[in-house]
Amino acid sequence: ADEQPPVLQNVSVAEAAEEAAAESLIAFPGVSYRADIEPGLSCIADPDHLHRVLGNLVRNGAQAMSESSNREQLVSVRAQRIEGRCEIEIVDRGPGVRENLRARLFEPFVSAAPEAGGTGLGLAIARELTRAMGGELELTRTGAEGSTFRVTLPAG
């Protein structure tokens, strides 16, 4: 993607997550949001880029649950400072990422849910934006109980 270079600053993780979740979950009224974020936690990030990254991950989780889950539909954002890094985890209770897609999940035009009409660019762009801010985005857990994506950025 042809993105603007990030303008890095201190960003409140709780505020960024709340705003991204509120916007992303409008289309998913049956999905709840829960935050477990270390009080006062901030990271060094571009606020717009972080919003896009978190929004994409929350929306993907909500979409996965709305298509297949009969348990409580909940997207959680957990975040804490660990050794000078800010670790933000986005957790859903969807069906998990199909095994045949896991190795290519962050490649452009690879969609975990093509039936939902996505382009397969969301995770590729989210990873690119995260890396441009000096961080990393990875899938850390997936299975029948849901998936966890971790965004790691420098702590503020």
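Here is a short report on the structure shown in this document. (Residues numbered from 1 in each chain as written. Predicted model: local features only at pLDDT ≥ 70, side-chain atom pairs only at ≥ 80, totals over all residues. Heavy atoms only, no water.)

**A few points about the packing of aromatic side chains**
So, point 1. Within the structure shown, the criterion is met by 1 aromatic pair.
So, point 2. Measuring from centroid to centroid gives 6.3 Å for Phe106 and Phe149, while their planes differ by 80 degrees, and the two rings are edge-to-face. Note that Phe106 is positioned in the loop between helix H3 (99-102) and helix H4 (122-132) and Phe149 in strand S7 (residues 146-154), a separation of 43 residues in sequence. Pair check on accessibility: Phe106 and Phe149 agree, each one buried. (Phe/Tyr/Trp six-rings, centres within 6.5 Å; stacked < 30°, edge-to-face > 60°. Helix = DSSP H or I, 4+ residues; strand = E, 2+ residues; numbered from the N terminus. Buried < 20%, exposed > 50% of the residue type's maximum accessible area, 1.4 Å probe, protein only.)

**What to know about H4**
So, point 1. When H4 is considered as a whole, its buried residues turn out to be Leu123, Ala124, Ile125, Ala126, Arg127, Leu129 and Thr130.
So, point 2. Backbone geometry just after H4 places Gly134 at a positive phi near 85 degrees.

**Description of helix H1 (residues 13-24)**
So, point 1. Taking 1.5 Å per residue as the helical rise, H1 with its 12 residues ought to reach 16 Å, and the 16 Å between its terminal C-alpha atoms agrees with that figure.
So, point 2. All of the buried residues in H1 are Val13, Ala16, Ala17, Ala20, Ala21 and Ser24. Taken end-on, H1 shows its buried residues confined to a sector of 120 degrees, consistent with a single buried face. Exposed residues pointing more than 90 degrees away from the buried face of H1 are listed as Glu15 and Glu19. (Expected span 1.5 Å × (residues − 1). Arc of directions from axis to C-beta.)

**So, the sheet that holds strand S6 (residues 136-143)**
In a beta sheet, neighbouring strands pair by backbone hydrogen bonds and run either parallel or antiparallel.
So, point 1. An order of S2-S4-S5-S7-S6 is seen for the 5 strands of this open sheet, with the pairing classed as mixed. A strand with exactly one partner marks an edge of an open sheet, and here the two such strands are strand S2 (32-37) and S6. Neighbour to neighbour, the strand axes of the sheet diverge by 15 degrees on average, direction disregarded.
So, point 2. In the sheet, S2 pairs with strand S4 (residues 74-82) via 6 bridges, with the strands oriented parallel. Looking across to S4, one finds that Ser32 is bridged to Leu74. (Pairing = 2+ DSSP bridges. Axes fitted to C-alpha atoms, helices over the stretch in contact; angles between N-to-C directions.)

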